[in-house]
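Breakdown of the fold
Residues per chain, in single letters:
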Amino acid sequence: MLGLELTPEHPVTDLVELGVQAEREGYDSCFVSCHYNNRDPFAVLARLAAETDDIRLGPGVANPYEMHPVTLAAKVATVAESSDGRGLLGIGPGDPSTLRNLGLADERGLRSVLEAFKVAQDLWRGERVTHDGTFEATDAGLNFDVPGEIPVYVGGEGPHMCRMAGKHADGLLFNGSHPDDLAWAREQVDIGRADRPASRGEFTLAAYASVSISADEDAACEAARPPVAFITAGAAPPVLDRHGIDADRASDIGEKISAGAFSEAFGLVTPPMIDAFSMAGTPADVADRMAAVLAHADGVVVGSPIGPDLEEAITLAAEAYRAGRA
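Just so it is clear, the structure is predicted and the values come from calculations on it, not from any experiment. (Residues numbered from 1 in each chain as written. Predicted model: local features only at pLDDT ≥ 70, side-chain atom pairs only at ≥ 80, totals over all residues. Heavy atoms only, no water.)

Concerning the overall build of the protein chain
Operational definition: Secondary structure is summarised from DSSP: a helix means a run of H or I of at least four residues, a strand means a run of E of at least two, and numbering begins at the N terminus for each. The reference for a compact globule is 2.2 Å times residues^0.38; the radius of gyration itself is calculated from the C-alpha atoms. Note on exposure labels: buried denotes an accessible area under 20% of the residue type's maximum, exposed denotes more than 50%, and partly exposed covers the range between, all computed with a 1.4 Å probe on protein chains only. Any two residues whose heavy atoms approach within 4.5 Å are treated as being in contact.
The number of helices and strands found in the protein chain is 15 helices and 11 strands. In terms of C-alpha radius of gyration, the protein chain reaches 18 Å, essentially the compact-globule figure of 20 Å for 326 residues. For the protein chain, the C-alpha atoms occupy an extent of roughly 55 × 40 × 40 Å along the three principal directions. Put simply, the protein chain has 326 residues, and 54% of those count as buried. Considering only contacts within the protein chain whose residues lie at least 6 apart along the sequence, 74% involve residues at least 24 apart.

This is the structure:
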C-alpha cells in the first residue's frame, strides 16, 4: 500500500486537487481524516469519487462514537457506490484530545470498533442487522446494493487493537513512523493472525505515518510539529517509554490541544518527539526512514502534514517510498 491521508483543515477544492495529483503520482489509497473541528470528510470523498478513476477512497480514521455505526456504514457504502467500487473504511478508537471536547473520551475501546465494522460488513452484504452491544440497532438495513468489497483497516497502536486487526480486519493502520514501533506492531499483528481464518484473505500492515518532506530540512521538521503534538498527546505510556518521552509533557500537550491552545501545544514538541513520531526531513532522510519501516510493514500511508509545500511533498513522498522499496 502507498496511501495518502488528506486532512480537511484545507478547503475541499484544494483537497480534491491534491487527491487527483496523488492518483497521478501512483498512490493507490486515499484516506480523508475525521475530526469534528475540520471539514466534513464525506463531502471531500464525494468530490474525490467524481474526480478520480482508480484510487481507493474512504474515511481514515473514523470512529464509532460521533455518529451511529449504521450511519457510518451507509456513508462508506455511498462512497463505494459513487466511486464504482473503490470504497474503503479506516476505523479506530478516535483521537482522545478531540473526543474529549465532545464528552466522549471515556467511550474509546476495542469492542466498539470491532462491533461497528462487523455490523458494517453485514450491512454491505445486504443483510438486515439487529445488534445490542456498545450500540443498538433493530432490523437495520441498507436500501441499495453496495458494489465491490470494502476493505476495513483498523487504526490503532495498542497491543489488543493490533491483535484484533490481525484476526478480524483487512489491515492495520498503525499510527507510527519509527521502525522500532513497526517491528513491535508486526509482532502483535502476527499474534492475532495466528487465529485468523484463511477465508479472510490477505492482511496489510501499513505505517500510518506523519510525513513531512522537503528539500529544506528545517522547514520539514517545523511543519511536523502540529501532527506530532496530536500523536504525542494520544500515545500510550509504553510507546512514550519506548522513545524516552516524558509522559507529563505529553499530557500537557494533550490538555492544551483540548483547550484550543494549539500554538502552546505545538511549542512543547521536542526534536525527540519529531524523530519518534514522524518521518521528517529531506527526501533522502524520508527514503531512509521508509526503507527501515518497510522492513516490518507492508506499506505506508503518507499522513499529515505531508510537507511545507503540499503539492511538492506528495510527489517527493511517492519518490521516497519507491526509493525505500528498492
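Continuing now.
So, the pattern of salt bridges
To keep things clear, this is the line we draw: We count a salt bridge whenever a side-chain nitrogen from Lys or Arg sits within 4 Å of a carboxyl oxygen from Asp or Glu.
Tallying each qualifying case throughout the model produces 9 salt bridges. Of the charged contacts in the structure, one is a salt bridge between arginine 125 and glutamate 127, with a shortest N-O distance of 3.4 Å. Linked by salt bridges that have partners in common, Asp122, Arg125 and Glu127 make up one network.

Examining the packing of aromatic side chains
Put simply, the test is: Centres within 6.5 Å are what make two rings of Phe, Tyr or Trp a pair, Trp counting through its six-membered ring; a difference in plane orientation under 30 degrees is then read as stacked, over 60 as edge-to-face, and the rest as tilted. To sit over a ring, a charge needs its Lys NZ or Arg CZ within 6 Å of the ring centre and within 35 degrees of the ring normal.
One pass over the full model with this rule turns up 5 aromatic pairs. Between phenylalanine 31 and tyrosine 153 the ring centres are 6.1 Å apart and the planes differ by 85°, which places this aromatic pair in the edge-to-face class. With phenylalanine 31 in strand β2 (residues 29-32) and tyrosine 153 in strand β7 (residues 152-156), this residue pair connects regions lying 122 residues apart in the sequence. Taking the relative accessible area as the measure of exposure, phenylalanine 31 reaches 0% and is therefore buried. Classification of tyrosine 153 as buried rests on a relative accessible area of 10%. Above the plane of the ring of phenylalanine 42 lies lysine 75, whose end atom (NZ or CZ) is 5.4 Å from the centre. Across the ring face of tryptophan 184, the terminal group of arginine 242 is positioned such that the distance to the ring centre comes to 4.9 Å.

Side note on the side chain of histidine 168
Test applied: N or O atoms closer than or at 3.5 Å make up a polar contact, with two conditions inside protein: a donor-capable atom paired with an acceptor-capable one, and, for residues adjacent in sequence, both atoms drawn from side chains.
For histidine 168, the location among the structural elements is in helix α6 (residues 159-168). One polar contact links histidine 168 to lysine 118, side chain to side chain, over a distance of 3.3 Å. For histidine 168, the contacting residues outside a window of four places in its chain are Leu114, Phe117, Lys118, Arg196 and Arg200.

Examining the UniProt feature "domain: Luciferase-like" (unreviewed entry) in the protein chain
Going by this rule: UniProt positions are given in the numbering used here, feature names are shortened, and annotations may be inferred rather than shown by experiment.
UniProt's feature table lists "domain: Luciferase-like" (unreviewed entry) at residues 9-293, given in the numbering used throughout. Taken end to end, residues 9-293 is 51% helix and 15% strand, and its first and last C-alpha atoms sit 27 Å apart.

Concerning the pairing of strand β6 (residues 136-140)
Counted only if it meets this: Strand pairing is assigned whenever DSSP detects at least two bridges linking the two strands.
Taken together, the 3 bridges between strand β5 (residues 129-132) and β6 define a ladder with antiparallel strand orientation. Residue pairing across strands places valine 129 opposite alanine 140, the latter belonging to β6. Connecting β5 to the next strand, β6, in antiparallel fashion are 3 residues.

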